[in-house]
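Commentary on secondary and tertiary structure
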Amino acid sequence: RRLCVRAAAARQPFVACAFSACNRQVTVAPLRPHAGRLLRMAHPAATTPADLAFGNTHAQLAQIVDQTAAAVFIKDLAGRLIFANPAFESITGLPLDAIVGQLDRDVFPSTAAELHGNDRRVAETGQAMDFEETIATAHGLRTYLSHKFPLLDESGRVCAVCGIATDISARKRVEEALRAAALA
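Here's what I pulled together on the structure shown here.

1. Re the environment of isoleucine 135
Its location among the elements puts isoleucine 135 in strand β7 (residues 129-137). Considering only alpha carbons, one finds isoleucine 135 and phenylalanine 108, 27 residues apart in sequence, at a separation of 7.0 Å. Setting aside anything within four residues of it in sequence, one finds isoleucine 135 in contact with Ile91, Phe108, Thr111, Leu115, Gly140, Leu141, Arg142 and Tyr144.

Given below as structure tokens:
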């Protein structure tokens with residue numbers, strides 16, 4: 001993925017990465033926007049200014065996902081991680097190549113049932129949901145506000161769950177201290 005970002009940022013013949021969470025395939029191919037969907041182009045030389053702008057947008061989005069402090073991840077319906085950003089890597093203390101393909105029980109054994117249950121609720125209802133999830137991380141026990149939402153395949157069926165998790169541990173500690181002070 002980073003190779004694709006570098007190619008787009010360097011304005012080389014337009015190349016971008018398409019990731020299909022539904023069939024767990026990564027495609028490195030020229031892409032262009034069309035009616036809100038991504039379509040493959042026949043030849044890299046067929047780029048237009050709109051294609052180049054899309055490439056820049058795609059590269060910028062990839063940079064945002066890589067640089068955000070929030071953990072961004074995608075799991076298939078079986079619960080296997082099929083995408084994780086560097087912030088997720090930091091939470092686990094494991095390299096990305098050791099995370100992808102793993103189940104919650106492999107990465108977060110003590111809270112795997114809760115995490116998988118939340119993912120299942122999102123997949124079954126087809127609705128975005130927010131959860132407070134406390135997990136044991138490489139940095140100790142942390143509480144995350146996780147926004148999870150379904151990813152849909154071409155026919156509109158849920159095929160994966162994406163999550164964006166923000167560490168709210170410091171806020172929770174402040175809330176607990178204020179609550180304790182109010183009771184004293």
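After presenting the structure, the write-up continues.
2. Some words on helix α6 (residues 112-125)
Helix length check: α6 (14 residues) gives 20 Å between terminal C-alpha atoms against 20 Å at 1.5 Å per residue, within 8%. Residues of α6 that are buried: Ala112, Leu115, Gly117, Asn118, Asp119 and Val122. Tucked inside the fold, the buried residues of α6 contact β5 (71-76), α5 (104-107), β7, β8 (140-152) and β9 (158-167). Of the residues flanking the end of α6, it is glycine 126, one or two places downstream, whose phi is positive at about 70 degrees.

3. Looking at the environment of proline 150
Locating proline 150 in the fold gives a position in strand β8. The exposure class of proline 150 is buried, given its relative accessible area of 15%. Residues proline 150 and arginine 120 lie 30 residues apart in sequence; the distance between their C-alpha atoms is 9.9 Å. Residues in contact with proline 150, not counting those within four places in the same chain, are Val122, Gly126, Gln127, Ala128, Val158 and Ala160.

4. Here we look at the sheet that holds β5
Taken together, 5 strands build an open sheet; the order of strands is β6-β5-β9-β8-β7 and the sheet is antiparallel. Since the sheet does not close on itself, it has two edges, and those belong to β6 (81-84) and β7, each with one partner. The mean angle between the axes of side-by-side strands here comes to 30 degrees, regardless of whether they run parallel or antiparallel. Strand direction decides the pairing type here: β7 and β8, joined by 9 bridges, are antiparallel. What sits directly across from methionine 129, in β8, is lysine 148. In the packing of α6 onto the sheet, the strands contacted are β5, β7, β8 and β9, and the crossing angle to β7 comes to about 160 degrees. Lying on the sheet, helix α7 (residues 169-183) is in contact with β7, β8 and β9; it crosses β8 at an angle near 125 degrees.

About the cut-offs
Residues numbered from 1 in each chain as written. Predicted model: local features only at pLDDT ≥ 70, side-chain atom pairs only at ≥ 80, totals over all residues. Heavy atoms only, no water. Helix = DSSP H or I, 4+ residues; strand = E, 2+ residues; numbered from the N terminus. Contact = heavy atoms within 4.5 Å. Expected span 1.5 Å × (residues − 1). Buried < 20%, exposed > 50% of the residue type's maximum accessible area, 1.4 Å probe, protein only. Pairing = 2+ DSSP bridges. Axes fitted to C-alpha atoms, helices over the stretch in contact; angles between N-to-C directions.

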